[in-house]
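Geometric and topological summary
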Amino acid sequence: MSKGESRDVESRLIHTEGLRNRDRYQLLTSLVVPRPIAWVSSRSPDGVPNLAPFSYFAALSATPLLIGVSIGSRRGAAKDTLRNIREIGTFCVNIVTEHHLEAMNISSGDHPPEVDEFQVAGAGMAEAEVVSAPYVAGCPAVFECSVREEVALSEAGNVFVIAQVVAIRLSNDLPLLAGSFFVDPEVLRPVSRLGGESYAKLGTVQSIARPAPR
Ligand SMILES: Cc1cc2nc3c(=O)[nH]c(=O)nc-3n(C[C@H](O)[C@H](O)[C@H](O)COP(=O)(O)O)c2cc1C
């Protein structure tokens, strides 16, 4: 063994290019875990409210405050969420908590554009203040978002939507940690997605001090 090299456990290497789409999806979504869930609310130009969850969801930048959501296609066509946010340019991301787990799951059903998933899921609806979009009433944390950029990830595949969060609505029941703008995760009770139909609730929260800067 050369210096700096250590013995590895027995392992197997999977070349991803030769896999079926489904197998790649299953590996990706059961290894990049737990994933936060953007419960995206939007409205069609005809005024139909839309609600659907997306766990290809990431925090991208604080200044400007950017988030990203990757939206796939359905039977070769854009999903309602993507069509709405392309046409209107704004939407809300509702942070999914334990209280809304069932409703979030129901809202993921494959409904035609004229169906209001707020009603299907039994979720209350309220109107965002800064952007033109509905949000989930009673959701403790809501991002009001304005689309900034769209990146096509492949011809027939996902579109990555980058949006600026122009306002954040926090429930008055959601305290910030003393002297900061950190939200207390134990009060928020976020739910995240694992592979397939599995979800994770918050486990033990452990704090570790960062190494001192040089
Ligand atoms: C927890 C969860 C996460 C999901 N994440 C994504 C995702 O990141 N991208 C995606 O295209 N679909 C995702 N889906 C599927 C969409 O929610 C589903 O296709 C939905 O019907 C889209 O609704 P729409 O046509 O109203 O936009 C997810 C479903 C669930 C239950």
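So, a few notes on the structure that sits alongside this text. (Residues numbered from 1 in each chain as written. Predicted model: local features only at pLDDT ≥ 70, side-chain atom pairs only at ≥ 80, totals over all residues. Heavy atoms only, no water.)

1. A word on the pattern of salt bridges
What the rule picks out here adds up to 9 salt bridges. The residue Arg22 makes a salt bridge to Asp23 at a minimum N-O spacing of 3.5 Å. The exposure class of Arg22 is partly exposed, given its relative accessible area of 48%. Of the charged contacts in the structure, one is a salt bridge between Glu150 and Arg86, with a shortest N-O distance of 2.8 Å. (Salt bridge = Lys/Arg side-chain N within 4 Å of Asp/Glu carboxyl O. Buried < 20%, exposed > 50% of the residue type's maximum accessible area, 1.4 Å probe, protein only.)

2. Thoughts on unusual backbone geometry
Leaving glycine aside, a negative phi is the common case for residues, and trans is the common case for peptide bonds. With an omega of -15 degrees, the peptide bond running from Val33 to Pro34 counts as cis. For the bond from Thr63 to Pro64, the omega torsion is -5 degrees, close enough to zero to count as cis. Mapped onto the elements, Pro64 comes out in the loop between strand 4 (57–61) and strand 5 (66–71). We note that Arg75 has phi near 45 degrees; this positive angle belongs to a residue other than glycine. Here Arg75 shows up in the loop between strand 6 (73–74) and strand 7 (77–78). (Helix = DSSP H or I, 4+ residues; strand = E, 2+ residues; numbered from the N terminus.)

3. Thoughts on the site of the ligand
Close to the ligand lie 19 residues, the nearest being Pro53, Gly72, Arg74, Lys79 and Thr81. One of the backbone N or O atoms of Asp80 is found 3.0 Å from an oxygen atom in the ligand. Burial of the ligand by the protein amounts to 90% of the accessible area it has alone, namely 640 Å². Put simply, the parts of the chain that give the shell around the ligand at least two residues each are strand 3 (49–54), strand 5 and helix 2 (80–88). No other element matches strand 3, which puts 4 residues into the shell around the ligand. Counted by class, the shell around the ligand contains 7 nonpolar, 7 polar and 5 charged residues. (Near = heavy atom within 4 Å. Polar contact = N/O pair within 3.5 Å; in protein donor to acceptor, adjacent residues only side chain to side chain. Areas by Shrake-Rupley, 256 points an atom, 1.4 Å probe, with all protein chains shown as cover. Nonpolar A, V, L, I, M, F, W, Y, C, P; charged D, E, K, R; others polar.)

Worth remembering: the numbers are spatial, not functional.
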